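Descriptive analysis of the structure
Residues per chain, in single letters:
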Amino acid sequence: MRSVMRAAAVGVVVSLLAGSTLEAQARPASAMAPRPPAQAPTAGGMNFSLLGGVATGEDGLDLGFVLGGSFEWDMVAWPVNLRVDPYIARHEGDCGGFPDCTLTLIGAGVNAAYDFPNTSRSRAFPVQGTAAGPTWYVLGGLGIYRSSLDSDDDIPGADFGRDETDLGIQLGGGARFGQRYRAELRYMSIDSFSTIPLLFGITF
C-alpha cells in the first residue's frame, strides 16, 4: 500500500514539472524578453528644401532674383521647428541716382517655424495621405547677411555701403502642398534695406 502511494506522489510531481515545461515552451519569446528602458523624446529628422523666386527692391533697385534653401529639423518635443535658411539675392537698378547699380546679398538666417494644427502627427514631415489640404506655417528669426554694391560710378552717401555685413530680421509664412512642394512669403530687413521675397520650393 505504501509503495502504491509513493508511486502516485512521484507521478503527480512528474506531471506538474512536465506541465510547467510545456507552458514555458508555449510562451512567446517577446513575453519572456526583458523590456527596454523608456527613452526620452528626441529631435526628429531633417529635410532640405531648395527655394527660388523674386524679391522686391527699394530706393531705385528693381525686382531681384533669389536662390535659397532651408534645412529644417522637426523638434518632436517643441511646438516649433528649427530652420537654417541660406539666402542669395541680386538686385539691379539705380542707387542714389546712379544707374547700372547691382546689389548682391549673401547670408543665412536661423528661424523658428510654427505649423498650424493639421491631421498629420509630424509638422515638417507629413505622413502621406493624412492631410488633404496644404499645411500652413509662420516663421521668424535673425540672420547675418553680406551686401555688395557694384557700380561703374561712385555712389557717395549710399546707406548700405559698398561691402558690409549686417544683422537682419525676417518674418513670414507659407504653405506646404503634400510632402514635396511649398510656397513662402517673407519680409526681410537688413540694415536700411528692406525686401519682400516670394519663394517657391521643392523638398528632397
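Residues numbered from 1 in each chain as written. Predicted model: local features only at pLDDT ≥ 70, side-chain atom pairs only at ≥ 80, totals over all residues. Heavy atoms only, no water.

Focus on the overall build of the chain
The helix and strand tally for the chain stands at 2 helices and 9 strands. What you see in the chain, going N to C, is helices and strands ordered as α-α-β-β-β-β-β-β-β-β-β. For the chain, long-range pairs separated by at least 24 residues make up 57% of all intrachain contacts whose partners lie at least 6 apart in sequence. Surface accessibility of the chain: about 12,200 Å² in total, with carbon and sulfur atoms responsible for 65%. (Helix = DSSP H or I, 4+ residues; strand = E, 2+ residues; numbered from the N terminus. Contact = heavy atoms within 4.5 Å. Areas by Shrake-Rupley, 256 points an atom, 1.4 Å probe, with all protein chains shown as cover.)

Considering the confidence of the model for the chain
The predicted coordinates should not be examined in detail at positions where pLDDT is low. Summary statistics for the chain give a mean pLDDT of 78 and a share of 65% for residues scoring 70 or more. Per-residue pLDDT stays below 50 along residues 1-24; that stretch engages in 1 contact with residues further than four places along the chain or on separate chains. Here residues 26-33 is a poorly scored stretch, pLDDT under 50, and it has 2 contacts once near neighbours within four places are set aside; other chains count. (pLDDT = per-residue confidence, 0-100.)

Points about the pattern of salt bridges
On inspection of all chains with the given rule, the structure shows 9 salt bridges. Between Glu 72 and Arg 176 there is a salt bridge, with its nearest N and O atoms 2.8 Å apart. Taken as a pair, Glu 72 in strand β2 (residues 64-73) and Arg 176 in strand β6 (residues 163-177) lie far apart in primary sequence, 104 residues in all. Here the two residues Glu 72 and Arg 176 agree in accessibility, since each one is buried. (Salt bridge = Lys/Arg side-chain N within 4 Å of Asp/Glu carboxyl O. Buried < 20%, exposed > 50% of the residue type's maximum accessible area, 1.4 Å probe, protein only.)

A few points about the environment of Gly 140
Considering the arrangement of structural elements, one finds Gly 140 in strand β5 (residues 135-151). Here the alpha-carbon distance between Gly 140 and Arg 83, two residues 57 residues apart in the chain, equals 9.7 Å. Those residues in contact with Gly 140 that sit more than four places away from it in its chain are Val 110, Asn 111, Ala 112, Gln 170 and Leu 171.

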